[in-house]
Amino acid sequence: MNKSLKKILSVILCTVMLFTTASVAFAAEDAHTEELEKTYSCDYYSEFDTVVITYSNKYSVSGDIPKITVQTRSSENAQITENIEVSEEKIQIRIFEKNNFHYPQIIINTDFCEEILGVEVSAGAFATADGDKSLKLVIPASRVKDANNFYIRCRYNYVAFSEEPTDSEERIINYCGIVGKPIEVSIEGGNGGYGKGWLEEATFSYTVNGKTVEIDSDSFTPEEPGKYVIQLNLDGVFTEEMTIEVVSEEVAVKKERKIATRNLKEFPKDFLLGLLAFIIVPGMGTVGGGAIMINSFEYVSDFFKALFGNPDYGTHRAESNE
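Draft legend 1. The arrangement of the sheet that holds strand 1 (residues 40-45) in detail. In space, the five strands of this open sheet follow the order 6-7-2-1-11, with mixed pairing throughout. In this open sheet, the two edge strands, each paired with only one partner strand, are strand 6 (91-98) and strand 11 (144-146). Sheet twist, expressed as the average angle between the axes of neighbouring strands with direction ignored, equals 25 degrees. Summarising the sheet, strand 1 and strand 2 (residues 50-55) pair through six bridges and their orientation is antiparallel. Residue pairing in the sheet places Tyr45 in a bridge with Thr50 of strand 2.

In structure tokens, the structure reads:
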């Protein structure tokens, strides 16, 4: 066999051996590749310190509480990340159902950190009806979505009380509700993988003077003075609350009468100012001065309304996230 033929055979043999070795290596690598859960959503409700992970609807059975690790920035050095294992008492396993559609969810309390850079969940949190367990889940920061937080909004007639500030504080104004005047209550914000489902099961209640009453409509009428702690419960997942102080109508009328009396003292000055502008300054003064005079008569009207116990109360809008 000549040298040229030997070289050709050697090249062919090496190529075959290389291909065979590579195939074996790739096969070995494939055999050790970890299978991960692919279908999920991850919503971060920052004000509630809560991460909600929603798995595929194919899972309908709760499994074991998984091992969960959250990646966050180091509290000592923001350039360094750290992995924190979540304790079991901070983990909920829930399966919600809506329109025959399952929403398997892991709810994680993350009050131990300020920023979520990633989450890792071990296998077995859920299972299908056939017993197939959920796989390991690795969530990068790009898949952690900032969800709009739920909050309470109230609208009501009010009487304002202000507290005199100290040298280092701003004046505090307390917008108090009034006994017998309705308080409208609504839910604002919210999104995520199951936000609408939670809203359907949401309940409102208020606690005043040691008594708790469930609100069965979008408003309630306070029947006694006190601090009303209004609580929103979103199907046991989130709770949010706000406080509105309510005073008796007698107190509100006295307060409005005091304000009306103080404003009435401004009537002569405002009326005279408007009259002078009306007479002396043609054009804009005529229009502006006339408006000032007309507005000044509101002081008189408000005074007599308050004097006879029927003041015009303002409308205040308050939110629990303010």
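Draft legend 2. Representation of the layout of surface pockets. Estimated volume of the largest pocket: approximately 220 Å³. Elements with a contribution of two residues or more to the lining of the largest pocket: strand 13 (172-178), strand 19 (238-247) and strand 20 (314-319). Partitioning the lining of the largest pocket into residue classes produces seven nonpolar, four polar and three charged.

Draft legend 3. Here's a closer look at the environment of Asp132. Looking at the secondary structure, you find Asp132 in the loop between strand 9 (126-127) and strand 10 (137-140). As a C-alpha pair, Asp132 and Tyr59 span 73 residues in sequence and 8.5 Å in three-dimensional space. Apart from the residues lying within four places of it in its own chain, the contact partners of Asp132 are Tyr59, Phe126 and Ala127.

Draft legend 4. Local environment of the sheet that holds strand 8 (residues 118-121). Here four strands make up an open sheet; going across it, the order is 5-4-8-10 and the pairing antiparallel. Both outer strands of the open sheet, strand 5 (81-85) and strand 10, are each paired with one neighbouring strand and no more. Along the sheet, successive strands turn relative to each other by an average axial angle of 15 degrees, direction set aside. In the sheet, strand 4 (residues 68-73) pairs with strand 5 via five bridges, with the strands oriented antiparallel. Bridged to Arg73 within strand 5 is Thr81.

Draft legend 5. Expanded view of the environment of Lys133. Relative to the assigned elements, Lys133 resides in the loop between strand 9 and strand 10. Taking the C-alpha atoms as reference points, Lys133 and Gly63, 70 residues apart in sequence, are found 7.8 Å from one another. Setting aside chain neighbours within four positions, we find Lys133 in contact with Tyr59, Gly124, Phe126 and Ala127.

Draft legend 6. Structural detail: the packing of aromatic side chains. Taken as a whole, this structure holds 17 aromatic pairs when the rule is applied. Summarising the aromatic geometry, the rings of Phe101 and Tyr103 are spaced 5.2 Å apart at their centres and angled 55 degrees between planes, so their arrangement reads as tilted. For the cation-ring pair, Arg143 lies above Tyr40, with the distance from its terminal atom to the ring centre recorded as 4.1 Å.

Reading guide: rules and limits
- Residues numbered from 1 in each chain as written.
- Predicted model: local features only at pLDDT ≥ 70, side-chain atom pairs only at ≥ 80, totals over all residues.
- Heavy atoms only, no water.
- Pairing = 2+ DSSP bridges.
- Helix = DSSP H or I, 4+ residues; strand = E, 2+ residues; numbered from the N terminus.
- Axes fitted to C-alpha atoms, helices over the stretch in contact; angles between N-to-C directions.
- 1 Å grid on protein atoms, 1.4 Å probe; cavity = no way out; pocket = protein on both sides within 12 Å on 5 of 7 lines; lining within 4 Å.
- Points joined across faces, edges and corners; volume = space filled by probe spheres on them.
- Nonpolar A, V, L, I, M, F, W, Y, C, P; charged D, E, K, R; others polar.
- Contact = heavy atoms within 4.5 Å.
- Phe/Tyr/Trp six-rings, centres within 6.5 Å; stacked < 30°, edge-to-face > 60°.
- Lys NZ or Arg CZ within 6 Å of the ring centre and 35° of its normal.

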